[in-house]
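Overview (structure and organization)
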Amino acid sequence: MREIVIVGGGIAGAAAAWFLHQAGRTDLTVTILEGSPRIGGKLATAELAGIPVDTGAEAMLNRRPEAVDLARAVGLGDALRHPATTSASVWTRGGLRPLPAGTVMGIPADESAVADGGILGPDSIARIGAEPDEPGPPLSGDVAIGKYVERRLGREIVDLLLEPLLGGVYAGHADELSLEATVPQLAAQLRSDPSLVRAAARAKAAAPTSDAPVFAGLDGGVGRLVPAVAEASGAVVRTDTTVRALARNATGWELLTGPTRAPATVRADAVVLACPARPASRLLETVAPGAAADLAEIEYASMATIALAYPVQQDSAVPADLAGSGFLVPPVERRSIKAATYSSRKWGWLAERAPGLLIVRASIGRHREEADLQRSDEELVAAARDDLAAATGIAGEPVDTLVQRWGGALPQYAVGHRARVERIRAGVAAQPGLAVAGAAYDGLGIPACVASARSAATQVLAALPAAGTMTI
Ligand SMILES: Cc1cc2nc3c(=O)[nH]c(=O)nc-3n(C[C@H](O)[C@H](O)[C@H](O)COP(=O)(O)OP(=O)(O)OC[C@H]3O[C@@H](n4cnc5c(N)ncnc54)[C@H](O)[C@@H]3O)c2cc1C
């Protein structure tokens, strides 16, 4: 038997195990080594007022096939659900204002998309109208998305649209995140034509028209996905097993696990590193030092989610006119929360399980603002409640609250990220039987993690040829 070891039991690790299983090879055994007591990584469901709520990822992009296909393949097809509403607001200028639809990360295809929304002032709207005729150098190399957008469209659109949208995905800063990595659909256009507005119009026109809902979730929580995938993969799962070192030997790989006083060695013919960049960097230090150095440069934002269950019967505690699925908060507003989701309005399955309750989930924390998370759970709950009350009027005493802190939650795709990932992949590919997968590389959404897992599985299978190998 050949042994493949996967380091990390998040969605990327579990999906890698699934794709290895799909290859139909009877000569392989697959083991997932997970450092924490549970598999799932950033997918996790916990109880709030006796109801399961997602404390990490809560939605999968449905317009990319990878995540929903995987959910179906492992028997969760019947549990797939779509949001009842996805329209969101921006909390700015003293109120909740509709987030314009049909922009690309806040960049409109023309000024009419933002003209009446009340988020941008007349100068910004006029600038959007004039921008296609503005001369300027096309994009060369990579730049910070915020800097490029500010140069072409002004600071206001960066502060009030781009920042809150990037905050929702990366918990990062527009002036540091890579244009190339965060809006690849615009970057390609900008290399020959500097206009952002025209690039957004072209990206919209090129996007396949589809009536399919944009997002999907799971009845009972997206946190169900990883355990289901791991189980369907047939892999051996070992939790509480942190891998501390990786070395090559004459026949394959050795992984060092266990506490320093009682180390244990796991042998493998091939290894998939499906852990975040920092542990991946440490493990690659001697095996692929160049890739390790590049991985060490990928920074992470930490954040917390705060879920609150408010009784709706209580007089006037919950306003009846909450619009859409929630709101985003521009950092310039200097509030504590960066976003809030009216979870039981967004997800019908949650509303059914929580009659008489409004479940809201707020998030706090951006890249390099870890001090915001050094407060007690009670203080985070109080900050979320204050902001929710000020933005929406939701008041009263929650019947239950749940704080989940995510240290090293979201990788920051800084300027030059794509080139860095190319170098990492080249360094890893030079070591047959080794592959990397996960949020650090080509996208941090669940479908992108699944896609990276599939590539990693293909890569390690290629290093372990067997008669009758099926392609996956
Ligand atoms: C609060 C929050 C909300 C999000 N919302 C969404 C959303 O709605 N939709 C969406 O698509 N994405 C969302 N994301 C992003 C997405 O959830 C993550 O990018 C994705 O789940 C990462 O998966 P992964 O397998 O790459 O890494 P992880 O989930 O981080 O899993 C890696 C695993 O490796 C383990 N590990 C680390 N080091 C070692 C070691 N040395 N030995 C053994 N094990 C190790 C860790 O314990 C962890 O379990 C969200 C993320 C967060 C934090």
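First, a word on scope: everything that follows refers to the structure included in this document. (Residues numbered from 1 in each chain as written. Predicted model: local features only at pLDDT ≥ 70, side-chain atom pairs only at ≥ 80, totals over all residues. Heavy atoms only, no water.)

**A short note on unusual backbone geometry**
One can expect most non-glycine residues to show negative phi and most peptide bonds to be in trans. Even without being a glycine, Ala49 presents a positive backbone phi close to 50°. Looking at the element boundaries, Ala49 is found in the loop between β3 (45-48) and β4 (51-54). Located in the positive-phi region is Met105, a residue other than glycine, with phi close to 50°. Its location among the elements puts Met105 in the loop between β8 (95-98) and α3 (112-115). By relative accessible area, Met105 is classed as buried at 17%. (Helix = DSSP H or I, 4+ residues; strand = E, 2+ residues; numbered from the N terminus. Buried < 20%, exposed > 50% of the residue type's maximum accessible area, 1.4 Å probe, protein only.)

**Looking at the site of the ligand**
Close contacts around the ligand come from 34 residues, with Glu34, Lys42, Ala59, Leu444 and Ile446 the closest. Between the ligand and Ala12 there is a distance of 2.9 Å, counted from an oxygen atom to a backbone nitrogen or oxygen. Between Leu444 and the ligand, the recorded distance is 2.5 Å, taken from a backbone N or O atom to an oxygen atom. Notes on the ligand: free accessible area 1,000 Å², of which the protein chains cover 87%. Among the secondary structure elements, those contributing two or more residues to the shell around the ligand are α1 (11-22), β15 (300-311), β19 (400-411) and α17 (446-463). The element that contributes the greatest number of residues to the shell around the ligand is β19, accounting for three residues. Looking at side-chain class alone, the shell around the ligand contains 20 nonpolar, 11 polar and three charged residues. Looking at which domains feed residues into the shell around the ligand, each of domain 1 (2-42 + 222-298 + 414-462) and domain 3 (300-411) supplies at least three. (Near = heavy atom within 4 Å. Polar contact = N/O pair within 3.5 Å; in protein donor to acceptor, adjacent residues only side chain to side chain. Areas by Shrake-Rupley, 256 points an atom, 1.4 Å probe, with all protein chains shown as cover. Nonpolar A, V, L, I, M, F, W, Y, C, P; charged D, E, K, R; others polar. Domains from an automatic or database assignment.)

**Section: the pattern of salt bridges**
For side chains of opposite charge, pairing can occur when their charged atoms come near one another. Tallying each qualifying case throughout the model produces 22 salt bridges. Close ionic contact of Asp175 with Arg155 constitutes a salt bridge, the shortest N to O distance being 3.2 Å. Here Asp175 is found in the loop between α6 (155-170) and α7 (179-182), whereas its partner Arg155 is found in helix α6, with 20 residues between them in sequence. On the basis of relative accessibility, which here comes to 26%, the residue Arg155 falls in the partly exposed class. Two residues, Arg420 and Asp294, come together in a salt bridge whose shortest N-O distance is 3.5 Å. Of this pair, Arg420 sits in helix α16 (residues 417-429) while Asp294 sits in helix α12 (residues 289-296), placing them 126 residues apart in sequence. Judged by relative accessible area, Asp294 falls into the buried class, the value being 12%. A network of salt bridges, in which partner residues are shared, links Glu150, Arg155, Asp159 and Asp175. (Salt bridge = Lys/Arg side-chain N within 4 Å of Asp/Glu carboxyl O.)

**Re the nonpolar core**
If you look at the biggest cluster of nonpolar residues, it comprises 49 residues, and the most contacted ones within it are Ile6, Ile11, Leu225 and Ile446. Elements that contribute at least two residues to this core include exactly β1 (2-7), α1, β2 (28-33), α2 (65-73), β9 (215-218), α10 (225-233), β14 (270-273) and α17. The greatest single-element share of this core, amounting to nine residues, is contributed by α1. Setting aside residues up to four positions removed in sequence, Ile11 forms contacts with Gly40, Leu43, Leu70, Leu225, Val226, Ile446, Cys449 and Val450. In this structure, Val114, Val149, Ala171 and Ala339 belong to the second largest nonpolar core, which totals 46 residues. (Core = buried A, V, L, I, M, F, W, Y, C linked by side-chain atoms within 4.5 Å. Contact = heavy atoms within 4.5 Å.)

**Re the packing of aromatic side chains**
Summed over the entire model, instances satisfying the criterion amount to three aromatic pairs. Taken together, a centroid distance of 5.6 Å and an interplanar angle of 55° make the contact between Tyr170 and Tyr413 tilted. Residue Tyr170 is found in helix α6, and its partner Tyr413 is found in the loop between β19 and α16; the two are separated by 243 residues along the sequence. Accessibility classification places Tyr170 together with Tyr413 in one group, the buried group. Geometrically, the ring pair formed by Phe327 and Tyr342 is tilted, given 6.3 Å between the ring centres and 55° between the ring planes. (Phe/Tyr/Trp six-rings, centres within 6.5 Å; stacked < 30°, edge-to-face > 60°.)

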